[in-house]
Amino acid sequence: MVALVDGYEATLKRLRRKGDSIALEAANPAYETRIFGPDRVKVQGRLVGLMRRY
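Residues numbered from 1 in each chain as written. Predicted model: local features only at pLDDT ≥ 70, side-chain atom pairs only at ≥ 80, totals over all residues. Heavy atoms only, no water.

Things to note about unusual backbone geometry
Thinking step 1. We note that Asp 6 has phi near 55°; this positive angle belongs to a residue other than glycine.
Thinking step 2. On the accessibility criterion, Asp 6 (37% relative accessible area) is partly exposed. (Buried < 20%, exposed > 50% of the residue type's maximum accessible area, 1.4 Å probe, protein only.)

Here's the deal with the sheet that holds strand 6 (residues 41–45)
Thinking step 1. Ordered by their spatial adjacency, three strands build an open sheet running 2-1-6, and the pairing between neighbours is antiparallel. Edge strands, defined here as strands with exactly one partner in the open sheet, are strand 2 (9–12) and strand 6. For this sheet, the mean angle separating the axes of adjacent strands, direction not counted, is 30°.
Thinking step 2. With four bridges connecting them, strand 1 (residues 2–5) and strand 6 associate as antiparallel partners. Paired with Val 2 across the two strands is Gly 45, which belongs to strand 6. (Pairing = 2+ DSSP bridges. Helix = DSSP H or I, 4+ residues; strand = E, 2+ residues; numbered from the N terminus. Axes fitted to C-alpha atoms, helices over the stretch in contact; angles between N-to-C directions.)

Digging into the pairing of strand 4 (residues 21–25)
Thinking step 1. Note that strand 3 (residues 14–18) and strand 4 share five bridges and pair antiparallel. Each residue of the ladder has a partner; that of Arg 14, found in strand 4, is Glu 25.
Thinking step 2. As consecutive antiparallel partners, strand 3 and strand 4 are separated by two residues, and within that stretch Gly 19 has a phi angle of approximately 65°, a positive value.
Thinking step 3. Bridge analysis of strand 4 against strand 5 (residues 34–36) gives three bridges, and the strand direction is antiparallel. Bridge assignment links Ala 23 to a residue of strand 5, and that residue is Ile 35.

Quick word on the environment of Glu 25
Thinking step 1. With respect to the helices and strands, Glu 25 occurs in strand 4.
Thinking step 2. Put simply, Glu 25 and Lys 13 are twelve residues apart on the chain and 5.4 Å apart in space, counted from C-alpha to C-alpha.
Thinking step 3. Ignoring sequence-local partners within four residues, the contact set of Glu 25 consists of Lys 13, Arg 14, Arg 16 and Thr 33. (Contact = heavy atoms within 4.5 Å.)

Written as structure tokens, this is what we have:
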């Protein structure tokens with residue numbers, strides 16, 4: 001999903017709920033999971049396709 005964090009940072013992550021918190025997980029294991037309160041994250045959209053050209 002596309003998440004807007006704190007009203008200014010857009011990121012593409014997987015969303016997981018952990019109790020009252022929201023965990024944003026990257027597909028790349030080199031990046032750590034970021035945890036936020038529900039008032040800090042707004043869903044802006046979702047990824048429906050990926051096009052690559054080599």
